[in-house]
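Analysis of the macromolecular model
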Amino acid sequence: MPENPPLLDVRDLRMHFPVRGGVLRRAQAWCRAVDGVSITLSAGETLGLVGESGCGKSTLGKTIVRLNTPTAGSIHFNGTDLAPLSARALKPHRRELQMVFQDPAASLNARHSVGEILAEPFLIHGVGTAADRAARVTALLDRVGLPASSADRFPFEFSGGQRQRIGIARALALNPKLIICDEPVSALDVSVQGQVLNLLLDLQRELGLAYLFIAHDLAVVKHVSDRIAVMYLGRIVELADADRIYRHPAHPYTRALLSAIPVAEPRRRSQRIVLQGDVPSPIHPPAGCPFHPRCPHAQARCRVEAPALRTPDTKRPDHQVACHFDL
Ligand code: SF4
């Protein structure tokens, strides 16, 4: 039996932004925020996407949902390439492809009641009558653990965790197949992060949702992901099953990120790998391997030749690493 095609199949996606200057505001350089990313995601699966701040992971998420128009590449979702579509042609696909943002306070319209915020997707897509929509809003609130009376209140009347539940309810409104979760718990107190993560996991089980789960915190991603992609300077540098990445990280950058996760065991704490410097500017990325200025294993070849993603162990074809060497 042939395997089902992936729900999401992103190929060689690039998102370059012009850096404008001078009196005429002409493009004087390009910021390569996403620079040739290929990933797939199956129905009901969670792909964790991790990397330091500024590595391009949020831009990748926004480009996949077409909040940005990509510079190049394809975004096949449910069999249709979203990359070249106009806003009008995108509309029916937006129902099935939603996003939850990091800062629920900024992503919810403060002047609208929660009921109005949750009814908006139904209005935009012409779903149901006014009475239907009120019932749907109540059902959405119930689904994310909020009382029906929340519909008459405004976002500022809720805690951060409750506001994120409202953001999740809005994303669920049109029965999506895939939700891009962009650092959905980073802005929340540690005490409520677990509650929101558990809600996302419960919804995934009930509704068969796929998640692209973006985070800088590998400890958070570990608990929710089936597979993990590690991103550096606009590119994927390692991709594997979550368990494989944590047990056998192959890329020096992944090893450094993992070594920074706090552990109770003093012996493991001493193995921390401290990377020198910051992520280089995506406007002037280093030649060769983009990680070479910070890599403790860099050799002459790394300064001139960019490594492609490859499979170091043929017995594990799902584990891909962008490094010239088997370290
Ligand atoms: Fe380090 Fe070279 Fe591998 Fe890049 S290709 S990760 S610089 S060893």
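Starting afresh in each chain, residues are numbered from 1 along the sequence in its written order. Residues qualify for local features only when their pLDDT is at least 70, as the model is predicted, and side-chain atom pairs are given and counted only at 80 or more; totals for whole chains, interfaces and linings, by contrast, use all residues. Here the side-chain values reflect all heavy atoms present in the structure, with hydrogen atoms and water set aside.

In a beta sheet, neighbouring strands are held together by backbone hydrogen bonds and run either parallel or antiparallel to one another. One requirement defines pairing of two strands: DSSP has to find at least two bridges between them. Numbering goes from the N terminus for both helices and strands, where a helix is a DSSP run of H or I of at least four residues and a strand is a run of E of at least two. The four strands are arranged β2-β1-β4-β5 in an open sheet whose pairing can be described as antiparallel. The open sheet has two edge strands, β2 (26–41) and β5 (80–81), and neither has a second partner. In terms of strand pairing, strand β1 (residues 8–21) meets β2 through 12 bridges, oriented antiparallel. Directly across from glycine 21, in β2, lies its bridge partner arginine 26. Residues are treated as being in contact if the distance between any of their heavy atoms lies within 4.5 Å. Simply put, an axis is a line fit to the C-alpha atoms, just over the touching stretch for a helix, and the angle between two N-to-C directions goes from 0 to 180 degrees. The strands that helix α1 (residues 57–64) touches are β1, β2 and β4 (72–77); relative to β1, the one it contacts most, it runs at about 110°.

With that settled, consider helix α4 (residues 114–124). Of the positions making up α4, those classed as buried are Val114, Gly115, Ile117, Leu118, Ala119, Pro121 and Phe122. Residues of α4 that are buried make contact with α5 (130–143) and α6 (160–172). Positive phi appears at glycine 126, one or two residues downstream of α4, with a value of about 60°. The buried label applies to any residue whose accessible area, calculated with a 1.4 Å probe on protein chains only, is under 20% of its type's maximum; exposed applies above 50%, and partly exposed to all values in between.

A separate point is the side chain of arginine 170. Of note, arginine 170 is situated in helix α6. Under the rule applied, a polar contact is a pair of N or O atoms within 3.5 Å (in protein, one hydrogen donor and one hydrogen acceptor; residues adjacent in sequence only if both atoms are side-chain atoms). A distance of 3.0 Å separates the side chain of arginine 170 from the backbone oxygen of serine 107, its partner in a polar contact. Aside from chain neighbours lying at most four places away, what touches arginine 170 is Phe101, Ser107, Leu108, Ile117, Leu118 and Pro121.

What follows covers the site of the ligand. Around the ligand, a shell composed of 13 residues is seen, among which Cys289, Cys295, Cys302, Cys323 and His324 lie nearest. Asp, Glu, Lys and Arg are counted as charged, while Ala, Val, Leu, Ile, Met, Phe, Trp, Tyr, Cys and Pro are counted as nonpolar; the rest, among them Gly, fall into the polar class. Tallied by class, the residues present in the shell around the ligand amount to nine nonpolar, four polar and no charged. To be near a molecule or strand, a residue needs just one of its heavy atoms within 4 Å of it.

Okay, the packing of α4 against α6 next. Running from N to C, α4 and α6 cross one another at 25°; their axes reach a closest spacing of 8 Å. Here α4 is positioned roughly parallel relative to α6, judged by the angle of their axes. In the crossing of α4 with α6, the sense of the turn from one axis to the other is right-handed. Across the interface between the two elements, Val114, Ile117, Leu118 and Pro121 of α4 pack against Ile166, Ala169 and Arg170 of α6. Roughly parallel here means an angle under 35 degrees, roughly antiparallel means over 145, roughly perpendicular means 65 to 115, and every remaining angle is called oblique. In this scheme the crossing of two helices becomes right-handed for a clockwise turn of the near helix relative to the far one and left-handed for an anticlockwise turn of less than a right angle.

Pairing within the open sheet is mixed, and its seven strands lie in the order β6-β7-β8-β3-β9-β10-β11. The open sheet has two edge strands with one neighbour each: β6 (97–100) and β11 (320–321). Pairing of β6 with strand β7 (residues 178–182) involves four bridges; the strand directions are parallel. Paired with glutamine 98 across the bridge in β7 is isoleucine 179. Where helix α7 (residues 190–207) meets the sheet, it contacts β3 (46–50), β7 and β8 (210–215), and its direction lies at approximately 160° from that of β8.

This part covers the pairing of β4. Pairing between β1 and β4: five bridges, direction antiparallel. Considered in β4, the bridge of arginine 14 is made with alanine 72. Taking the residues that link successive antiparallel strands as the turn, the β4-β5 hairpin has two residues, and the phi of asparagine 78 there is positive, at about 55°.

Another point: the pairing of strand β10 (residues 235–241). With five of seven residues buried, β10 lies mostly within the body of the structure. Sheet topology note: the strand β9 (residues 227–232)/β10 ladder contains six bridges and is antiparallel. Paired with isoleucine 228 across the two strands is alanine 240, which belongs to β10. Between β9 and the antiparallel strand that follows it, β10, lie two residues; leucine 233 among them carries a positive phi value of about 50°.

Relative to the helices and strands, glutamate 96 is located in the loop between α2 (87–94) and β6. Glutamate 96 sits 19 residues away from phenylalanine 77 along the chain, and the two C-alpha atoms are 9.2 Å apart. Once you skip the residues sitting within four places of it in the chain, glutamate 96 turns out to touch Phe77, Asn78, Pro176, Lys177 and Leu178.

Mean pLDDT for the chain: 92, with 97% of residues reaching 70 or above. Of all secondary-structure elements in the chain, the lowest mean pLDDT belongs to helix α11 (residues 266–269), at 57, while β4 reaches the highest, 98. pLDDT runs from 0 to 100 and stands for how confident the predictor is about each residue.

It is worth spelling out the nonpolar core at this point. Working definition of a nonpolar core: buried Ala, Val, Leu, Ile, Met, Phe, Trp, Tyr and Cys residues. They are joined through side-chain atoms within 4.5 Å. Counting residues in each nonpolar core, the largest one holds 61 residues, and the members touching the most others are Ile168 and Phe213. When residues of this core are assigned to their parent elements, the largest contribution, six residues, is made by α7. Aside from chain neighbours lying at most four places away, what touches isoleucine 168 is Val100, Val144, Val196, Leu199, Leu200 and Leu203.

Along the chain, alanine 83 falls in the loop between β5 and α2. In this structure alanine 83 comes out as buried when scored by relative accessible area, which is 10%.

Moving on, we come to the domain arrangement of the chain. The domain boundaries assigned to the chain delineate domain 1 (8–96 + 174–321) and domain 2 (97–173). Distance from the C-alpha centre of domain 1 to the C-alpha centre of domain 2: 28 Å. Taken residue by residue, the interface counts 34 residues in domain 1 and 21 residues in domain 2. Interface area for domain 1 against domain 2, summed over the two sides, is near 2400 Å², with a carbon-plus-sulfur share of 68%. Salt bridge criterion: a side-chain nitrogen from Lys or Arg within 4 Å of a carboxyl oxygen from Asp or Glu. The interface formed by domain 1 and domain 2 holds one salt bridge in total. For the domains described, the bounds stem from an automatic or database domain assignment. As a working definition, buried area equals the accessible area (1.4 Å probe) given up by two parts on being put together, with both sides summed.

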